[in-house]
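Coordinate analysis (summary)
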Amino acid sequence: MFKGYFGDVLKKDDAELEKLIVEEFKRENSKLQMIASENFASKAVLAAQGSVLTNKYSEGYPGKKYYEGCQYASEIEQLAIDRMAKLFHAEHVNVQPHSGSSANLAVYIAVLQPGDVVMGMDLACGGHLTHGAPANISGKTYKIVSYGVNRETNLLDYEEIRQLALKHRPKLIIAGASAYPRTIDFKKFKDIAVEAGSYFMADIAHIAGLIAGKVHPDASPYADFITGTTHKTLSGPRGGFIISKKEFARKIDSAVFPGIQGGPLVHVIAAKAVCFKQAMTAGFRKYQQQVVKNSAVLAEELIKHGFTLVTGGTDNHLMLVDLRNQNITGREAALALDQAGITVNKNGIPYDTLDVWHTSGIRIGTPAVTTRGMKEEQMIEIAELIAKALKNMKNTAIHKDVSKKVKQLCKKFPVKI
Ligand code: DSN
């Protein structure tokens, strides 16, 4: 039976909570986790995050902390900064953002004034909430000009983005997405930003691991600011980061603290340091290559089973399945798959006519199953299981069989904890 890396400690003090954590682990271990933004953190990452460092306040930055007793907290933060700088060829790094959303907000606060024009990818076309969605503080504070994708190809249309930028002259242009299955051309974005007189920010939250593993082009040579998260393809702890050119260092640091945050999460920063060390290894590079290979095979197989993929396939760790030809909604598909043991999320497709609660698509990602050690052969099997489940929505016997096969597959590739 799974005990967790905390042994019996939690069980003795809080059996009720321990049980819930064990149940969650069982859920993660016995189903195929295919939400594209999720992954499994290593035991070392979990150990650092669950350490005594959670006890320490260390407001400020290494070399200038506002409390006493910060010598080790400072060293740990500096280690995380140095490792990240090396990994991403960065001039300046801030590892304190609690999340990707905080990282984005800090950049906005550092360089924008309320009412400034900002250009980001439309959430409905695969962008992120914090890139100017009306419900988010970004959409409420700045004048947002959203770009989408081409209606026919569903690809980013750089000429259209350029025209929009030249017309609106945004102060900041954001590249980056949550549901875009193709390579993003950061150089093209930079050229557009230069021509329009804009700052350029790349939000690499989804693809940070791919970039570190050199299977997606780097944004560092082009972006004034890079934001992201450490828990997705990087497979570290849940948290954010900002990379910037040196000239913005002071502005970025003071936007994070004291701008929008107080005490940094030293235990999370320590876990980020572990994750960055792991990301420098040859093994990590191989892992990222496998993530992308698995994604390509899964996409190809789904197409063979008669599914339509947005943009016709994938270059990265995720794919978007357009379910309109299957006559089911994204919500119906995601619920059915989860019941069968394959956890994905419903997702709007570009120019979706259904609302965000129902949607016409699902998003599928390979980072977590690849962390378990699954390869091309398993992707072929997973595509078959997905097809069986979605093409027989009312057949409980088939769904039971899929669920049984998923459990067998998960047993063969256990989550290492
Ligand atoms: N919510 C995350 C995702 O699933 O893509 C992005 O922040």
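Residues numbered from 1 in each chain as written. Predicted model: local features only at pLDDT ≥ 70, side-chain atom pairs only at ≥ 80, totals over all residues. Heavy atoms only, no water.

1. Observations regarding the overall build of the protein chain
- Tallying secondary structure elements over the protein chain gives 16 helices and 15 strands in all.
- Its C-alpha atoms give the protein chain a radius of gyration of 22 Å, near enough to 22 Å, the size a compact globule of 417 residues would have.
- Based on the C-alpha atoms only, the size of the protein chain along its principal axes is roughly 60 × 60 × 35 Å.
- Relative to its 417 residues, the protein chain shows a buried fraction of 55%.
- Within the protein chain, residue pairs in contact and separated by at least 24 positions form 72% of the contacts whose partners lie at least 6 positions apart.
- Charged side chains of the protein chain number 53 positive and 42 negative; the gap between the two group centres comes to 3 Å. (Helix = DSSP H or I, 4+ residues; strand = E, 2+ residues; numbered from the N terminus. Rg over C-alpha atoms; globule rule 2.2 N^0.38 Å. Buried < 20%, exposed > 50% of the residue type's maximum accessible area, 1.4 Å probe, protein only. Contact = heavy atoms within 4.5 Å. Lys, Arg positive; Asp, Glu negative; His and termini not counted. Charge placed at Lys NZ, Arg CZ, Asp CG, Glu CD.)

2. Focus on the nonpolar core
- Within the largest apolar cluster, 60 residues are counted, with the highest numbers of intra-cluster contacts made by Phe88, Leu156, Phe186, Phe189, Ile204 and Leu234.
- With eight residues, helix α11 (residues 266-279) is the largest single contributor of residues to this core.
- Beyond its immediate chain neighbours, meaning those up to four positions away, Leu234 contacts Ala208, Gly209, Ala212, Thr229, Phe241, Cys275, Phe276, Ala279 and Phe284.
- Among the nonpolar cores identified, the runner-up in size contains 35 residues, and Val297, Met379, Leu385 and Ala389 belong to it. (Core = buried A, V, L, I, M, F, W, Y, C linked by side-chain atoms within 4.5 Å.)

3. So, the sheet that holds strand β15 (residues 361-365)
- Strand order in the open sheet formed by four strands is β11-β12-β15-β14, with antiparallel pairing between adjacent strands. Looking along the sheet, the strands with just one partner apiece sit at the ends: β11 (308-309) and β14 (345-347).
- Sheet analysis places β11 next to strand β12 (residues 318-322), joined by two bridges and oriented antiparallel. Bridge pairing in β12 links Leu309 to Val321.
- Contacts from helix α13 (residues 330-339) reach β14 and β15 within the one sheet, and its direction differs from that of β15 by about 45°. (Pairing = 2+ DSSP bridges. Axes fitted to C-alpha atoms, helices over the stretch in contact; angles between N-to-C directions.)

4. Digging into helix α2 (residues 15-30)
- For α2, spanning 16 residues, the distance from its first C-alpha to its last is 22 Å, which sits close to the expected 22 Å at 1.5 Å a residue.
- Inspection of α2 places Glu18, Val22 and Phe25 among the buried residues, and these make up the whole buried set. Buried positions in α2, seen along its axis, are confined to an arc of 60° and lie on one side of it. Facing away from the buried side of α2 by more than 90 degrees, the exposed set consists of Glu16, Lys19 and Leu20.
- Buried-residue contacts for α2 involve α1 (9-13). (Expected span 1.5 Å × (residues − 1). Arc of directions from axis to C-beta.)

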